[in-house]
Amino acid sequence: MQQDKTAYRKISSEFVHVEKCGDREILRIDPKALEILAQAAMSDVSFYLRSTHLTMLNTILQDPEATDNDRFVAYNLLQNAVVAAEGQLPSCQDTGTAIVMAKKGEDVYTGVDDAEYLSKGIFNTYQERNLRYSQVVALNMFEEKNSGSNLPAQIDIYAKKGNYYEFLFLAKGGGSANKTFLYQQTKSLLNEASLEKFVREKIKDLGTSACPPYHLALVIGGTSAEANLATVKKASAGYFDELPTEGNIGGQAFRDLEWEKRVQLICQESQIGAQFGGKYFTHDVRVIRLPRHAASCPVGLGVSCSADRNIKAKITKEGLFLEQLEHNPRRFLPDVAPHMEAPVEIDLDRPMPEVLAELSKYPIKTRLKLNGTLIVARDMAHAKIKELLDAGNPMPEYFKNHPVYYAGPAKTPEGMPSGSFGPTTAGRMDSYVDLFQSMGGSMIMLAKGNRSKDVKNACAKYGGFYLGSVGGPAAILAKENITSVEVVDFEEMGMEAVRKITIKNFPAFIITDDKGNDFFENI
């Protein structure tokens, strides 16, 4: 059994009592406890982070080897944590799929379908707080609709010994979920040279679209592919930090501390950095070795991103307990911002040819400060516009007159102009770029993460640009950089509707330019 060093806070002493059954103590739990615990967990994890995570961000600011870009991202993420902790704007606009991984003792009795009551608590949080409904349900093979509640959740409950109930709650956004990889390898991987070569190649698959710096998990082995990937998810959340550090003939899982150091160094040497080049692609690394079938060697790679939304909980005979997250992130924020060269200011409220000509004066990696109007559209809106074009209709004027920001906001708090509104993963829109630019649309795109060569080629061909926004600080963007939001098309699609927003001093970098240069291609 792993030792649990987690600091917990008590939610309630009610809803539990112990009954004797022979020589056994049965913990009877009122089902309401499950609802209350899930509601509190999903609320806390949407607005607060672990102090260990915040300490790591502060470490970047203190490290003389960190690049200006590393420090810029780290400082933005700490500022974002301060805004999110006010309890109105969640740390990330993608408030995620709600995931519950639980272990229920054999001497725990609830008398109900536990998943139903956990789902009630999750439902309450997403209804009552300024979170986003991201779950879509399939009506048939191709037609989908937003569930309007962020349900269903993923709930996995396992049996264990004892008379207590333990939980890991996660809010997993699409960006980090999409950067979970399974590689079916063989015994030939299991030597130092091959494994190092493999790691150097595969960390590039992660890219920056899931908002680094990452908590990276590498899991080698597993009795099945499913067992491997489940371990990846839990390891990236710090759930297996107390594993032993060596194997045995019984096949126990263990952490390999030497390889954790080696993989961390490989990540630093990659120079991908905290999104825009540098040392801090990862905060830390967990490498876990599992037993395997002799004919199979699954290898899993995954991350917990800058929205490190993981929280433990437990129910014991003493009551309901929730992991203590950091409610005062300001103590990690330096009094003085790191020194940076002044950004180039770009007025977006000019004719598109003038804005393109202005951007063309500057090289890739140039830091920008954007002011003016953006059109917001992502996956479903792009698909709708392509349908219009395929039917012979013209490109909407708004897509030609303004840059397009790939994003989908959380709910807007009362009295504020915007809900949390950070960038989404650019790569999902790559297949549309050549067509849209050929018709005068998507000439300037703003999002997060690296993109395919098709985008680079289209920008060179049609004179377009891809600008990178810092992935992660969605709360502070909403509070300080977005001044107005209005829906202009496809209102029925909810958070996927096309919006027009006004921005001020919005930070960005030139990633791909009109000359065929791409920042990530040289890393």
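Refer to the preceding data block for the structure.
Treat the numbers as computed from the prediction; the structure is a model and nothing was measured.

### A look at the packing of aromatic side chains
Here is step 1 of the chain: Applying the stated criterion to the full structure yields 14 aromatic pairs.
Here is step 2 of the chain: Feature note: the residues Y398, F399, Y432 and F436 constitute an aromatic cluster, connected by ring pairs.
Here is step 3 of the chain: Geometry around Y466 places R451 over its ring, the cationic atom sitting 4.9 Å from the centre.

### Brief notes about the sheet that holds strand β9 (residues 165-172)
Here is step 1 of the chain: Spatially, the six strands line up as an open sheet ordered β1-β16-β15-β9-β4-β8, and their pairing is mixed. Each edge of the open sheet carries a strand with a single partner, namely β1 (8-12) and β8 (154-160). Taken over all neighbouring pairs, the strand axes of this sheet differ in orientation by 20 degrees on average, direction set aside.
Here is step 2 of the chain: With seven bridges connecting them, strand β4 (residues 97-105) and β8 associate as parallel partners.

### Considerations on the side chain of E496
Here is step 1 of the chain: Counting through the fold element by element, E496 comes out in the loop between β22 (482-489) and β23 (498-512).
Here is step 2 of the chain: The buried category is assigned to E496, whose relative accessible area is 8%.
Here is step 3 of the chain: Not counting residues within four places of it along the chain, the set of residues in contact with E496 comprises R378, D379, M380 and A381.

### Digging into the pattern of salt bridges
Here is step 1 of the chain: In total, this model carries 33 salt bridges according to the counting rule given.
Here is step 2 of the chain: Across the pair R24 and D107 runs a salt bridge, and its minimum N-O distance is 2.3 Å. Of the two residues, R24 sits in strand β3 (residues 24-29) while D107 sits in the loop between β4 and β5 (108-109), which places them 83 residues apart along the sequence.
Here is step 3 of the chain: You can call R24 partly exposed: its relative accessible area is 38%.
Here is step 4 of the chain: Overall, the relative accessible area of 11% leaves D107 in the buried class.
Here is step 5 of the chain: The partner of E192 in a salt bridge is R262, with the nearest N and O atoms 3.0 Å apart. Here E192, found in helix α6 (residues 192-206), pairs with R262, found in helix α8 (residues 257-269); they are 70 residues apart in sequence, far enough to count as distant.
Here is step 6 of the chain: Classification of R262 by relative accessible area gives partly exposed; the value is 21%.
Here is step 7 of the chain: Through salt bridges with shared partners, a single ionic network connects E192, E196, R200, E258, R262 and E269.

### Remarks on the sheet that holds strand β2 (residues 16-21)
Here is step 1 of the chain: Judged by pairing direction, the sheet is mixed, and its three strands sit side by side in the order β2-β3-β5 without closing on themselves. The two strands at the open ends of the sheet, each matched to only one other strand, are β2 and β5.

### Quick look at the nonpolar core
Here is step 1 of the chain: By size, the foremost hydrophobic cluster in this structure holds 76 residues, and its most contacted members are L370, F399, Y405 and L467.
Here is step 2 of the chain: Excluding its chain neighbours within four sequence positions, the residues that come into contact with L467 are L368, L370, I444, M445, L446, A447, A508, F509, I510 and I511.
Here is step 3 of the chain: With 35 residues, the next largest nonpolar core counts L34, A98, F167 and F169 among its residues.

### A closer look at the packing of helix α12 (residues 430-438) against helix α13 (residues 453-462)
Here is step 1 of the chain: Contact pair α12 / α13: the axes reach a minimum separation of 9 Å and the direction vectors enclose 10 degrees. When the axes of α12 and α13 are compared, the pair comes out roughly parallel. Along its contact with α12, which presents D430, V433, D434, Q437 and S438, the element α13 presents V455, A458, C459, K461 and Y462.
Here is step 2 of the chain: Split by residue class, the contact of α12 with α13 holds five nonpolar, two polar and three charged.

### Remarks on the pairing of strand β17 (residues 344-347)
Two faces belong to every sheet, and in a regular strand the side chains alternate between them.
Here is step 1 of the chain: On β17, burial follows the alternation: V344 and I346 on one face are buried, whereas E345 and D347 on the facing-out side are not.
Here is step 2 of the chain: In this structure, β17 lies alongside strand β18 (residues 367-376), joined through four bridges in parallel fashion. Across the sheet, residue D347 finds its bridge partner in β18, namely N371.
Here is step 3 of the chain: In the classification by handedness, the crossover that spans β17, the intervening helix α9 (residues 352-359) and the parallel β18 is right-handed.

Rules behind the numbers
Residues numbered from 1 in each chain as written. Predicted model: local features only at pLDDT ≥ 70, side-chain atom pairs only at ≥ 80, totals over all residues. Heavy atoms only, no water. Phe/Tyr/Trp six-rings, centres within 6.5 Å; stacked < 30°, edge-to-face > 60°. Lys NZ or Arg CZ within 6 Å of the ring centre and 35° of its normal. Pairing = 2+ DSSP bridges. Helix = DSSP H or I, 4+ residues; strand = E, 2+ residues; numbered from the N terminus. Axes fitted to C-alpha atoms, helices over the stretch in contact; angles between N-to-C directions. Buried < 20%, exposed > 50% of the residue type's maximum accessible area, 1.4 Å probe, protein only. Contact = heavy atoms within 4.5 Å. Salt bridge = Lys/Arg side-chain N within 4 Å of Asp/Glu carboxyl O. Core = buried A, V, L, I, M, F, W, Y, C linked by side-chain atoms within 4.5 Å. Parallel < 35°, antiparallel > 145°, perpendicular 65-115°, else oblique. Nonpolar A, V, L, I, M, F, W, Y, C, P; charged D, E, K, R; others polar. Right-handed = clockwise from strand over helix to strand, strands pointing away.

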